Amino acid sequence: YVVNYVRDWLVAWQTQVAILDGLDSKAAAKQGHTMAEAMLARGGMQIVTSIDASLQKQLHDAAEAEKPGQGLANGTVIMDPRSGAVVAMYSNSPRDSETYNYALYADRQVGSIMKTVVLADAIRSGISPMSVLPAPAYVAMNGSRVYNDDRTAAPGCKLSLAQAIARSNNPVFMELISGKMASCKNPAVLKDIEPDYPISPKSVANLARQMGADDSLVPGKSNPAELPEVPSLALGV
């Protein structure tokens, strides 16, 4: 995958050079491929990656031990949270001949990482991470039930925001982003958390964009990210 990426990068670079030299797009693409292959054939290039060989082997071994299409084997990227650098990557396919890199290119929901953005929005709005919200087995919003992963209420049916992020609790973060809290006795009954509540799907989406969320790495897409301004944004839809 690294070699293919470098080849594609060289082709794109040399094609752009040819266009700047005045060639039309078809001729430039042909020359770009020719020049890129010539550069690769000459060698002498040093490719530096952020991949950690030890972590890469651990990920490979763990993924190979699973069934294709499940868990790690479905395509996994491990990143250094301090820098965003990719330190290990694994892609698999049920068909040995398929070269599609699921780890890099498969469409996936952002998932629970959006909960950290919701919490950040709450904290910057003056809400303490020690604030407590009801934590029933589910909350009912917009005609749908959103369950916690284990489909049970938290002990005592309450969690602080710090506890909720540690447990990745779905109902609490649906409450936090919407400004509505559920009744533990009847999770379908919602009431306002407080008047003039400062957090909303729109404010969370705006914060995500300010933090750098965009579609610029997705082929055919550009900034800004298409973040749906609805409560389920808290779960990374």
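These remarks concern the structure in this document. (Residues numbered from 1 in each chain as written. Predicted model: local features only at pLDDT ≥ 70, side-chain atom pairs only at ≥ 80, totals over all residues. Heavy atoms only, no water.)

Here the focus is the pairing of strand β2 (residues 86–90). With respect to burial, β2 is a largely interior element, 4 of its 5 residues being buried. Where strand β1 (residues 76–79) and β2 come together, 4 bridges link them in antiparallel fashion. Looking across to β2, one finds that V77 is bridged to M89. The antiparallel hairpin formed by β1 and β2 contains 6 residues in its connecting segment, where G84 sits at a positive phi of about 85 degrees. (Buried < 20%, exposed > 50% of the residue type's maximum accessible area, 1.4 Å probe, protein only. Helix = DSSP H or I, 4+ residues; strand = E, 2+ residues; numbered from the N terminus. Pairing = 2+ DSSP bridges.)

With that settled, consider the packing of helix α1 (residues 2–20) against helix α2 (residues 25–42). Axes are the key here: two packed helices are described by the angle between their axes and the distance separating the axes. Interaxial distance between α1 and α2 falls to 7 Å at its minimum, and their mutual angle equals 130 degrees. The angle between α1 and α2 places the two elements in the oblique class. The two elements α1 and α2 meet at a crossing, and its hand is right-handed. Here R7, L10, V11, W13, Q14, T15, A18 and I19 of α1 lie close against α2, whose contacting residues are A28, A29, Q31, G32, H33, M35, A36, E37, M39 and L40. Partitioning the contact of α1 with α2 into residue classes produces 11 nonpolar, 5 polar and 2 charged. (Axes fitted to C-alpha atoms, helices over the stretch in contact; angles between N-to-C directions. Parallel < 35°, antiparallel > 145°, perpendicular 65-115°, else oblique. Left-handed = near helix turned anticlockwise from the far one by under 90°. Contact = heavy atoms within 4.5 Å. Nonpolar A, V, L, I, M, F, W, Y, C, P; charged D, E, K, R; others polar.)

Turning next to the nonpolar core. Ranked by internal contacts, the top residues of the largest apolar core, which has 26 residues, are L176 and V204. Elements with a contribution of two residues or more to this core: α5 (113–124), α6 (161–167), α7 (170–178) and α8 (201–210). Per-element accounting of this core gives the leading share, 5 residues, to α5. One finds V139, M141, V146 and A182 within the second-largest nonpolar core, a separate group that totals 6 residues. (Core = buried A, V, L, I, M, F, W, Y, C linked by side-chain atoms within 4.5 Å.)

Non-glycine residue S168 carries a positive phi angle of around 55 degrees. Its place among the elements puts S168 in the loop between α6 and α7. Judged by relative accessible area, S168 falls into the partly exposed class, the value being 23%. Located in the positive-phi region is D196, a residue other than glycine, with phi close to 55 degrees.

The values reported here are purely geometric and, on their own, carry no functional implication.
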